[in-house]
Amino acid sequence: MPEDELAQGEIAALTRRYENNLQILRGDIAGLDNRLMSVEHSVTGVRNDVHELREAFAGEVQALSDKMDRNQAQIVELLTQLVGRNPGQ
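For the structure given in this document, a descriptive report is provided here.

Parameters at a glance
- Residues numbered from 1 in each chain as written.
- Predicted model: local features only at pLDDT ≥ 70, side-chain atom pairs only at ≥ 80, totals over all residues.
- Heavy atoms only, no water.
- Helix = DSSP H or I, 4+ residues; strand = E, 2+ residues; numbered from the N terminus.
- Rg over C-alpha atoms; globule rule 2.2 N^0.38 Å.
- Buried < 20%, exposed > 50% of the residue type's maximum accessible area, 1.4 Å probe, protein only.
- Areas by Shrake-Rupley, 256 points an atom, 1.4 Å probe, with all protein chains shown as cover.
- Lys, Arg positive; Asp, Glu negative; His and termini not counted.
- Charge placed at Lys NZ, Arg CZ, Asp CG, Glu CD.
- Patch = residues over 30% accessible without salt bridge, like charges linked within 9 Å, V, L, I, M, F, W, Y side chains within 5 Å.
- Salt bridge = Lys/Arg side-chain N within 4 Å of Asp/Glu carboxyl O.
- Expected span 1.5 Å × (residues − 1).
- Polar contact = N/O pair within 3.5 Å; in protein donor to acceptor, adjacent residues only side chain to side chain.

**Brief notes about the overall build of the protein chain**
- Scanning the protein chain for helices and strands turns up 1 helix and 0 strands.
- Compactness check: the protein chain gives a C-alpha radius of gyration of 38 Å against a globular reference of 12 Å for 89 residues, more than 25% above the reference.
- If one aligns the C-alpha atoms of the protein chain with their principal axes, the spans along those axes are about 130 × 15 × 15 Å.
- For the protein chain, the proportion of its 89 residues judged to be buried stands at 0%.
- Looking at the protein chain as shown, the accessible area adds up to about 8,600 Å², and 58% of this sits on carbon and sulfur atoms.
- Averaging the coordinates of the 9 positive side-chain charges in the protein chain and doing the same for the 15 negative ones gives two points 11 Å apart.

**A word on a nonpolar patch on the surface**
- Taken together, Ile-75, Leu-79 and Leu-82 make up a surface patch of nonpolar side chains, about 300 Å² in accessible area.
- Note that Ile-75 resides in helix α1 (residues 5-82).

**Topic: the environment of Ala-63**
- Topologically, Ala-63 is positioned in helix α1.
- Sequence-wise, Ala-63 and Val-39 are 24 residues apart; in three dimensions their C-alpha atoms are separated by 36 Å.

**Points about α1**
- A rise of 1.5 Å per residue sets the reference length of α1, with its 78 residues, at 116 Å; its end C-alpha atoms lie 113 Å apart and thus fit the reference within 8%.
- If you check the start of α1, you find a side-chain oxygen 3.1 Å away from the backbone N of Leu-6, and it comes from Asp-4.

**Topic: the environment of Asp-33**
- Relative to the assigned elements, Asp-33 resides in helix α1.
- For Asp-33, a relative accessible area of 41% corresponds to the partly exposed category.
- Taking the C-alpha atoms as reference points, Asp-33 and Asn-48, 15 residues apart in sequence, are found 22 Å from one another.

**Things to note about the environment of Arg-85**
- Along the polypeptide, Arg-85 turns up in the segment after α1.
- Along the chain, Arg-85 and Ala-58 lie 27 residues apart, while their C-alpha atoms are 42 Å from each other.

Shown next as structure tokens:
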């Protein structure tokens, strides 16, 4: 029985369409993969920035806390010196 040329043509056309769509899909997946890597790179950068800011903030908070402790100690020392003095002197 001879092969049906019309059916063979249809199969060939469908195969080409399938292969074309598969290449398009592969290209889309590669594009999405590149975008994902770009987003991951950006997220890593943001995480590093947040880490640096957190460290800087912690340093500033510690410096402020130390300064407040020194100021409070000076206030206590000055108040201690004033205790027992006559307010008119």
